[in-house]
Amino acid sequence: MPFRAVRIDKTEQGQAVGFVTMTDAELMDGDTLVDVSHSAVNYKDGLALSGKSPIPRRFPMVAGIDFAGAVAETTHPGLKKGDRVVLNGHGASETHFGGYARRARVPGAWLVPLPAAFTPAQAMAIGTAGYTAALCVLALGRHGAKPSDGPVLVTGAAGGVGSVAVALLKKAGWHVVASTGRPAEAAYLKDLGADEILDRAELSDPAKPLGKEIYAAAVDSVGSHTLANALSRLKRGGVAACCGMAQGGDLPASVMPFILRGVTLAGVESVMQPMPARRTAWDLLARDLDGAKLAEMTTTIPFDKVFEAGAAILAGKIRGRTVVEIGGGLTRPRLPACAAS
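Residues numbered from 1 in each chain as written. Predicted model: local features only at pLDDT ≥ 70, side-chain atom pairs only at ≥ 80, totals over all residues. Heavy atoms only, no water.

Asker: Residue-level account of unusual backbone geometry, with values.
Answerer: Note that the residue after Phe-59, namely Pro-60, is joined by a cis bond; omega there is -5°. Assignment of secondary structure puts Pro-60 in the loop between α1 (43-50) and β4 (61-62). The backbone of His-90 sits at a positive phi, close to 55°, despite the residue not being glycine. We note that Ser-93 has phi near 80°; this positive angle belongs to a residue other than glycine. In this fold, Ser-93 is placed in the loop between β6 (84-88) and β7 (103-106). On the basis of relative accessibility, which here comes to 0%, the residue Ser-93 falls in the buried class. (Helix = DSSP H or I, 4+ residues; strand = E, 2+ residues; numbered from the N terminus. Buried < 20%, exposed > 50% of the residue type's maximum accessible area, 1.4 Å probe, protein only.)

In structure tokens, the structure reads:
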């Protein structure tokens, strides 16, 4: 049966991105076919939807770095028809067709069983951003950071990673300092669990080699000067979990925090995590993420609004998480090709 998908094609002028009609025969190889009910809008999705990014590494490509749904067909020994599953990463939207389609065929080994605590919609309210936040929280603990050591800084706090990180860290007993450039979101962040709000301008300029020791830990999704400032303000033995680069991919920092205070910079990669790490992250979310707080940070949109949401997340206008209901609605014309950057 034909279904709708957001497909990225390569043309002589660049990338053409838009809705198309596809069939199962056009899907990529895999032992499991999934009926996709929900996806999400992550920063990486915004880049892919813009038609100006190097996110897709082969063409054509179906966009969407995550999805939730039910198994329609499978030969994987660990799955059966009707199982509810989640996919995060594994090259979806880069090298393998992603979640912006009613159907997806993938290796069953990539699929995480949906925790009983969540519906598919809630799973995508968490999505790759929330799953990454959980990986960051786990990284802090793995490197010895604990709430009794002092406050934790969360940068980009009103975004998807930041919102979930604030909620999880507060649940774990941390004193949470939430950094944001949107003062209007202060009440929202405090409802999620933030104890203090910090203007991101305080972290956006070039960092001193060593600043005042303030934070025992940090979760950073911003990178560049913001991460450099966070590192310079970590206490002795502090830990920063880094998972994003919204401000930039550079790190204009000094080695002094590392060699004079023994701080740790823990890189958090979410795309190719092994299954045990994925299950641990989802178990943490199922145990510690309050459903009411998840609902507060979530906006749900129809499939047809995905392009508008992609542009908004790149402009820094999205708060929390955006769930995409896959299926239904009118077909949007394909966007004109534009030069890839």
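Asker: Help me get a handle on the environment of Gly-82, residues and values and all.
Answerer: Take Gly-82: it is sitting in the loop between β5 (66-74) and β6. Look at Gly-82 and you get partly exposed, because its relative accessible area is 46%. Sequence separation between Gly-82 and Thr-32 is 50 residues; the distance between their C-alpha atoms is 11 Å. Ignoring anything within four residues of it in the chain, the contact list for Gly-82 reads Ala-70 and Val-71. (Contact = heavy atoms within 4.5 Å.)

Asker: Describe the pattern of salt bridges, naming the residues involved and giving the relevant values.
Answerer: In total, this model carries 13 salt bridges according to the counting rule given. Linking Asp-24 and Arg-103 is a salt bridge whose minimum nitrogen-to-oxygen distance equals 2.6 Å. You can see Asp-24 sitting in the loop between β2 (14-22) and β3 (32-40) and its partner Arg-103 sitting in strand β7, a full 79 residues away along the chain. With a relative accessible area of 18%, Asp-24 lands in the buried category. Residue classification places Arg-103 among the buried positions, given a relative accessible area of 18%. The partner of Asp-149 in a salt bridge is Lys-146, and the shortest N-O contact between them spans 3.1 Å. The exposure class assigned to Asp-149 is partly exposed, which follows from its relative accessible area of 30%. Here Lys-146 falls in the partly exposed class, since its relative accessible area comes to 43%. (Salt bridge = Lys/Arg side-chain N within 4 Å of Asp/Glu carboxyl O.)

Asker: Hey, could you go over the sheet that holds strand β1 (residues 3-11) for me, with residue numbers and the actual values?
Answerer: Within the open sheet, the three strands sit side by side as β2-β1-β4. Their pairing is antiparallel. The open sheet has two edge strands, β2 and β4, and neither has a second partner. Across the sheet, helix α10 (residues 306-314) is in contact with β1 and β2; its angle to β2 comes to roughly 145°. (Pairing = 2+ DSSP bridges. Axes fitted to C-alpha atoms, helices over the stretch in contact; angles between N-to-C directions.)

Asker: Lay out the packing of aromatic side chains with the relevant residues and their values.
Answerer: In total, this model carries four aromatic pairs according to the counting rule given. Members of the aromatic cluster, joined through ring pairs, are Phe-19, Tyr-100, Phe-303 and Phe-307. Sitting above the plane of the Phe-19 ring, Arg-4 keeps its charged end 4.3 Å from the centroid. The side chain of Arg-319 reaches across the aromatic face of Tyr-188, ending 4.1 Å from its centre. (Phe/Tyr/Trp six-rings, centres within 6.5 Å; stacked < 30°, edge-to-face > 60°. Lys NZ or Arg CZ within 6 Å of the ring centre and 35° of its normal.)

Asker: Describe helix α6 (residues 224-232), listing the residues and the values that go with them.
Answerer: Along an α-helix, residues three or four apart share an orientation, since each turn contains 3.6 residues. Taken across its nine residues, α6 has eight buried, putting it largely inside the fold. For α6, the set of buried residues is Ser-224, Thr-226, Leu-227, Ala-228, Asn-229, Ala-230, Leu-231 and Ser-232. Where the residues of α6 are buried, they touch β9 (152-154), α5 (201-204), β12 (215-220), β13 (234-242), α7 (256-260) and β14 (264-267).

Asker: I'd like a description of the packing of helix α2 (residues 120-142) against helix α3 (residues 160-171), backed by residues and values.
Answerer: At a minimum axis separation of 8 Å, α2 and α3 run at an interaxial angle of 45°. For the element pair α2 / α3, the angle class is oblique. Between α2 and α3 the crossing geometry is right-handed. Of α3, the residues touching α2 (which contributes Ala-129, Gly-130, Thr-132, Ala-133, Ala-134, Val-137 and Leu-140) are Gly-160, Val-161, Val-164, Ala-165, Leu-168 and Leu-169. By residue class, the composition of the contact of α2 with α3 is 10 nonpolar, three polar and no charged. (Parallel < 35°, antiparallel > 145°, perpendicular 65-115°, else oblique. Left-handed = near helix turned anticlockwise from the far one by under 90°. Nonpolar A, V, L, I, M, F, W, Y, C, P; charged D, E, K, R; others polar.)

Asker: If you had to explain the side chain of Asp-9 to someone new, which residues and values would you point to?
Answerer: Here Asp-9 lies in strand β1. For Asp-9, a relative accessible area of 14% translates into the label buried. Of the polar contacts made by the side chain of Asp-9, one reaches the side chain of Arg-7; its length is 3.1 Å. (Polar contact = N/O pair within 3.5 Å; in protein donor to acceptor, adjacent residues only side chain to side chain.)

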